[in-house]
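Understanding the architecture of this molecule
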Amino acid sequence: MATFAKPENALKRAEELVNVGQKQAALQALHDLITSKRYRAWQKSLERIMFKYVELCVDMRKGRFAKDGLIQYRIICQQVNVSSLEEVIKHFMQLSTERAEKARTQAQALEDALDVEDLEADKRPEDLMLSYVSGEKGKDRSDRELVTPWFKFLWETYRTVLEILRNNSKLESLYAMTAHRAFQFCKQYKRTTEFRRLCEIIRNHLANLNKYRDQRDRPDLTAPESLQLYLDTRIEQLKIATDLKLWQEAFRSVEDIHGLMSMVKKSPKPSLMVVYYAKLTDIFWVSDSYLYHAYAWLKLFTLQKSYNKNLSQKDLQLIASSVLLAALSVAPYDQKHGASHLELENEKERNLRMTSLVNFTLDPKGETKEVLSRASLLAELTNKGVMTCVSQEVKDIYHLLENEFLPLDLATRVEPLLAKISKLGGKLSSASSVPEVQLSKYNPALEKLTTLRVLQQISQVYQSIKIESLLKMIPFFDFSVTEKISVDAVKYNFLAMKVDHLKGAVLFGNVDIESEKLSDHLSILADSLSKAKNLISPPIRKASKLGIGYDLAEIVDKEHKRLLARKSIIEKRKEEHERQMLEMERQEESKRLKLQKVTEEAEQKRLAEEYILREQQRIRREIEERELQEAQAMLLETQKGAKKKGKKPLLEGVTKQTLIEMALSEQLKERQELEKKLQKLAKTMDYMERAKREEEAQLIEQAFQQRLVEEKLLHEREQLKEIELSRQHHAGDLQEKNRLARMLECKEIFQHKVVIRRETEHNQLKKERDDKINQIVTMRKRDREIKRKLLYYLKSEEDRMTRQQEEEEARKREEEERRKKEDAERKAKLDAIAERQRQREKELEEKERLRREALRKPTEPLPQPTDPASAPEPARVVAAEAAAPASAAPATGRYVPRFIREKSEGQRAAAAASPEPDRWGRKDDRPPQSGGDKWTSENRRPSFGGSRNSSSSSWSRTRS
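Just so it is clear, the model here is predicted, and its values are computed rather than measured.

1. Describing the pairing of strand S5 (residues 505–508)
Summarising the sheet, strand S3 (residues 464–466) and S5 pair through three bridges and their orientation is antiparallel. In the sheet register, Ile465 faces S5, and the bridge partner there is Val506. Counted between consecutive antiparallel strands, the loop separating strand S4 (residues 497–500) from S5 contains four residues, among which Gly504 sits at a positive phi close to 65°.

Here it is, written out as structure tokens:
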């Protein structure tokens with residue numbers, strides 16, 4: 001352990017070690033300094049050392065070192081400068097948070113990296129196995145190694161700070177801030193396990209405060225500031241618990257708040273109570289405690305209406321509608337019917353506990369023993385004016401379900417109203433504690449209540465009804481759900497009905513004339529008959545003395561309404577005036593606070609400057625006084641030394657430096673003389689010690705031999721005594737054996753009986769076990785047989801379906817192949833027909849070409865005639881050319897009968913034999929058009945479809 005003359009030296013040493021990369025050594029040096037008993041007086045340098053110390057702890061993630069150092073520093077500065085401890089702790093938490101956030105931003109897969117059940121647990125076995133088996137680490141494992149250690153360290157930081165500040169009355173605000181930051185950490189990263197542990201830690205801290213009341217720095221919970229901080233912490237805990245859906249922890253937080261307020265017996269602020277009841281509504285709704293959920297809504301409505309001046313009419317209407325619907329959602333029957341005494345006592349304790357939470361009763365003398373119920377809740381809603389604030393749809397549902405008797409069409413009237421209600425709701429602008437209200441969540445409870453009302457009213461009218469008719473009256477549920485609802489109602493004596501599934505009917509209990517169920521009907525019948533009698537024979541009325549009774553009643557009614565309207569206007573004006581006054585006061589207060597803040601800051605700055613100046617002057621004076629005292633002490637020491645040696649030093653005109661040199665020289669001389677004396681004394685002591693040991697050697701040997709003789713005699717004496725004692729014990733044991741030998745026969749008889757009885761019990765148990773095993777084996781065999789048959793049947797069905805499917809696929813495949821084969825054969829036939837037709841057409845074209853050439857040959861060598869007698873030759877050429885189209889007629893692809901072809905050939909021969917002269921006396925030099933080529937180019941391709949039949953028929957006619 002290194003020791004330092006001043007704390008600054010330790011800080012410099014630590015910085016040097018950090019610069020050369022030895023952070024562990026630097027941390028150990030600072031830790032030794034902080035935990036040393038030598039530096040227990042606070043000074044400014046210790047604060048700088050603590051800043052460096054916590055920085056090293058954060059860099060190396062040494063939570064244990066940080067906790068030890070902070071505890072020691074708390075001891076040092078608790079009574080002197082507690083603000084220094086606050087600054088160090090804030091710096092510690094800031095560094096931890098920054099490093100954790102930096103690690104989180106560097107990781108790319110935060111959700112995978114934080115997938116750890118418990119931040120305080122060590123590595124899991126599967127992680128260790130994976131690290132040994134796998135050669136390369138995946139990205140998720142690298143993220144886990146990067147992010148998770150820093151979040152563990154941050155969580156450990158919060159726990160350390162809370163443990164250090166748990167009983168410090170001067171740092172209550174820092175304790176509350178740390179708890180809030182820990183809650184936000186759990187909320188941001190969905191750490192449910194750590195949140196439960198954090199709540200338990202804070203709960204234990206409060207319990208220890210109440211248990212150990214004699215602590216010196218214990219916080220005083222009766223102080224308003226301390227109470228407000230603790231309440232704010234619990235309210236934040238309640239909010240985070242509901243956000244994380246930890247309803248059990250939220251309920252425990254509610255009990256913590258209630259216990260805290262019961263402890264100090266002071267009513268909290270309305271803003272805290274609003275948050276309290278808002279979260280209580282969610283807790284009771286999740287736990288299906290609809291009655292207490294409705295009472296919590298009523299308390300919330302009362303607080304909002306009384307203290308929230310910015311509450312709009314729309315928001316007030318929405319909250320009032322939620323209150324009424326919550327009250328209607330409560331079951332209309334008491335669930336204590338048929339319960340045992342123990343269950344009733346437990347339910348009574350639970351009701352008292354819930355009632356205390358809802359009412360928030362702090363005064364035990366004013367606690368009411370009234371049991372909460374649905375009827376009292378609805379009556380309280382009417383008394384407190386909730387019914388006047390609800391929307392019209394909710395009012396209609398309330399009147400239909402509670403006041404109307406419509407057994408046939410009650411559900412059909414309620415259904416459209418429920419559809420309208422499901423659309424109501426939304427965010428509230430002025431109620432921050434209740435950010436959103438949705439009325440659609442009450443629809444299932446209202447549908448169940450409507451079903452119960454329909455069944456109740458039908459049971460008063462009918463003795464039996466068909467199930468189909470009942471389903472038409474209740475369109476919300478299937479009959480199975482309706483039957484389940486009716487079973488609960490019958491169980492708690494709300495209905496008397498039976499369901500006969502064989503007859504398909506519902507049977508209700510018998511009702512006598514004297515029963516309470518028909519009393520209402522009889523009273524209604526009596527009123528109706530009385531009205532009918534008055535209409536038939538109206539009673540004789542006496543003439544009014546004033547004669548204007550009805551007019552006066554109307555005037556009074558109008559005046560009453562006018563006064564009520566005027567009263568409401570006056571109240572609104574008063575509220576507006578009060579709101580304006582409060583706003584002006586708030587503005588003036590804010591201005592005053594700003595001015596006061598500026599003044600305080602200037603004053604603090606001035607005081608700080610004066611304090612710094614005074615400190616500098618004090619330090620300067622202390623330095624001068626210390627130097628003066630040192631000079632005087634050295635002067636006195638020099639004078640003493642001079643008096644001993646008979647020398648008188650010259651003190652006049654001697655400076656401080658000269659005195660120091662003279663004193664040092666004198667001290668050096670004295671030290672040298674002392675060393676010489678010590679050396680001489682040491683030599684003398686060595687001679688004396690050697691002489692003493694030489695004389696002692698003989699005496700020590702004699703004493704050793706004498707001790708051996710004495711110990712031998714003592715050993716023999718002890719051995720004889722042990723032998724005598726063993727003989728006595730043996731004789732006593734033989735006598736005891738002889739005394740107990742007579743009981744051996746009885747012991748064997750008893751042992752034999754016990755063995756026989758236990759053997760009988762064993763055989764019986766074994767037989768029962770064997771029978772049970774045989775029964776189980778038989779049952780399992782039967783089950784296996786049934787399962788085997790079922791599997792065989794299923795497999796057979798699957799094989800049959802597979803075989804059928806394969807046969808169907810094979811049939812489809814064969815049909816496809818047959819169709820393809822037929823198409824191929826048909827195509828081949830058509831190709832052959834088209835080929836024969838093309839061959840025939842080619843032959844016809846060849847013949848036609850040869851005939852044309854034969855007709856054109858005689859005309860080519862003839863010269864041009866010059867006289868009119870030679871005119872018949874051009875006429876022959878023209879006739880031949882005119883006959884060419886007629887001869888090309890068969891080449892157009894149409895069938896030409898034989899007699900037409902012979903006729904055309906005869907005409908062509910006659911034209912060739914007797915040519916006619918050209919009418920215009922000229923000769924056509926254009927080449928002849930070949931119809932066969934045109935037909936070949938246009939009708940060369942084989943035609944399918946509709947042209948197939950025509951081509952085949954043409955071919956058959958040509959062939960014939």
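2. A look at the sheet that holds S5
Here three strands make up an open sheet; going across it, the order is S3-S5-S4 and the pairing antiparallel. Strand pairing shows two members of the sheet lacking a second neighbour, S3 and S4, which therefore form its edges. Each neighbouring strand pair of the sheet contributes to a mean axis angle of 20°, computed without reference to strand direction.

3. Details of the nonpolar core
Judged by nonpolar contacts, the single largest core of 158 residues is most densely connected at Phe195, Trp297 and Leu324. Tallying contributions element by element places helix H13 (residues 270–286) first for this core, with 11 residues. With residues near it in sequence (within four places) discarded, Leu324 still touches Leu378, Leu381, Met387, Val390, Val394 and Tyr398.

4. As for the pattern of salt bridges
What the rule picks out here adds up to 41 salt bridges. For the salt bridge of Arg562 with Glu559, the shortest nitrogen-to-oxygen distance reads 2.3 Å. Here Arg562 and its partner Glu559 are both found in helix H24 (residues 549–644), three residues apart, which amounts to about one turn of the helix. Judged by relative accessible area, Arg562 falls into the partly exposed class, the value being 45%. A salt bridge links Glu785 to Arg788, with the shortest nitrogen-to-oxygen separation between them at 2.1 Å.

5. Regarding the side chain of Glu249
Its location among the elements puts Glu249 in helix H12 (residues 247–264). Using a relative accessible area of 6% as the deciding quantity, one classes Glu249 as buried. With sequence-adjacent residues up to four places away left out, Glu249 is seen in contact with Phe195, Arg196, Cys199, Arg203, Gln237 and Ala241.

6. As for the packing of aromatic side chains
A complete count under the given rule lists 16 aromatic pairs for this structure. With centroids separated by 5.2 Å and ring planes inclined at 80°, the aromatic side chains of Tyr276 and Tyr277 adopt a geometry described as edge-to-face. Judged by its relative accessible area of 1%, Tyr276 is buried. With a relative accessible area of 3%, Tyr277 lands in the buried category. Ring pairing ties together the aromatic residues Phe151, Trp155, Tyr158, Phe185 and Tyr189, which thus form one cluster. The side chain of Arg61 reaches across the aromatic face of Trp150, ending 4.9 Å from its centre.

7. With respect to the packing of helix H15 (residues 313–328) against helix H17 (residues 374–383)
Interhelical geometry of H15 versus H17 gives an angle of 160° and a closest axis separation of 10 Å. Considering their axes alone, H15 and H17 lie roughly antiparallel with respect to each other. Relative to H17, the crossing made by H15 is left-handed. Across the interface between the two elements, Val323, Leu324, Ala327 and Leu328 from H15 touch Arg374, Leu377, Leu378 and Leu381 from H17. For the contact of H15 with H17, the per-class residue count stands at seven nonpolar, no polar and one charged.

8. Looking at the packing of helix H4 (residues 63–77) against helix H5 (residues 82–106)
Between H4 and H5, whose axes approach to 8 Å, the crossing angle comes to 160°. As the angle between them shows, H4 and H5 are arranged roughly antiparallel. Here H4 and H5 pass one another in a crossing that is left-handed. Mapping the contact onto sequence places Ala66, Leu70, Tyr73, Arg74 and Cys77 in H4 and Val82, Ser84, Leu85, Val88, Ile89 and Phe92 in H5. Residues of the contact of H4 with H5, tallied by class, amount to nine nonpolar, one polar and one charged.

9. A short note on a negative patch on the surface
A contiguous patch of negative charge on the surface is contributed by Glu624, Glu625, Glu627 and Glu630. Tracing the backbone through its elements, the reader meets Glu630 in helix H24.

10. Side note on the confidence of the model for the protein
Predicted confidence across the protein gives a mean pLDDT of 77, with 75% of residues reaching 70 or more. Put simply, helix H29 (residues 931–938) is where the protein has its lowest mean pLDDT, 40, and helix H26 (residues 744–856) is where it has its highest, 92. Residue range residues 511–515 is modelled with pLDDT below 50. Its contacts to residues more than four positions away, or to other chains, number six contacts. Low pLDDT (under 50) marks residues 913–960, which in the prediction has 38 contacts with non-local residues, meaning those over four places away or in another chain.

11. So, a nonpolar patch on the surface
A cluster of nonpolar side chains, contributed by Phe405, Leu408, Val461 and Tyr462, occupies part of the molecular surface with about 340 Å² of accessible area. Position of Phe405 relative to the elements: it lies in the loop between helix H18 (392–402) and helix H19 (410–422). Assessed through its relative accessible area of 34%, Phe405 is described here as partly exposed.

12. Considerations on helix H22 (residues 479–491)
For H22, which comprises 13 residues, the first-to-last C-alpha distance of 18 Å matches the rise-based estimate of 18 Å (1.5 Å per residue) to within 8%. When H22 is considered as a whole, its buried residues turn out to be Phe479, Thr482, Ile485, Ser486 and Ala489. Viewed end-on, H22 has its buried residues packed into an arc of 120°, placing them on one side of the element. For H22, the exposed residues lying more than 90 degrees away from the buried face are Lys484 and Lys491. Residues of H22 that are buried make contact with helix H20 (443–461), helix H21 (467–473), S4 and S5. Remark: Asn493 follows H22 within two positions and exhibits a positive phi of approximately 65°.

13. Re the environment of Gly426
With respect to the element layout, Gly426 can be found in strand S1 (residues 425–427). The exposure class of Gly426 is buried, given its relative accessible area of 18%. A C-alpha to C-alpha distance of 8.9 Å links Gly426 and Leu439, two positions 13 residues apart in sequence.

14. Regarding the pairing of S4
Sheet analysis places S4 next to S5, joined by four bridges and oriented antiparallel. Across the sheet, the residue bridging to Asp500 is Ala505, located in S5.

What counts as what
- Residues numbered from 1 in each chain as written.
- Predicted model: local features only at pLDDT ≥ 70, side-chain atom pairs only at ≥ 80, totals over all residues.
- Heavy atoms only, no water.
- Pairing = 2+ DSSP bridges.
- Helix = DSSP H or I, 4+ residues; strand = E, 2+ residues; numbered from the N terminus.
- Axes fitted to C-alpha atoms, helices over the stretch in contact; angles between N-to-C directions.
- Core = buried A, V, L, I, M, F, W, Y, C linked by side-chain atoms within 4.5 Å.
- Buried < 20%, exposed > 50% of the residue type's maximum accessible area, 1.4 Å probe, protein only.
- Contact = heavy atoms within 4.5 Å.
- Salt bridge = Lys/Arg side-chain N within 4 Å of Asp/Glu carboxyl O.
- Phe/Tyr/Trp six-rings, centres within 6.5 Å; stacked < 30°, edge-to-face > 60°.
- Lys NZ or Arg CZ within 6 Å of the ring centre and 35° of its normal.
- Parallel < 35°, antiparallel > 145°, perpendicular 65-115°, else oblique.
- Left-handed = near helix turned anticlockwise from the far one by under 90°.
- Nonpolar A, V, L, I, M, F, W, Y, C, P; charged D, E, K, R; others polar.
- Patch = residues over 30% accessible without salt bridge, like charges linked within 9 Å, V, L, I, M, F, W, Y side chains within 5 Å.
- Areas by Shrake-Rupley, 256 points an atom, 1.4 Å probe, with all protein chains shown as cover.
- Lys, Arg positive; Asp, Glu negative; His and termini not counted.
- Charge placed at Lys NZ, Arg CZ, Asp CG, Glu CD.
- pLDDT = per-residue confidence, 0-100.
- Expected span 1.5 Å × (residues − 1).
- Arc of directions from axis to C-beta.

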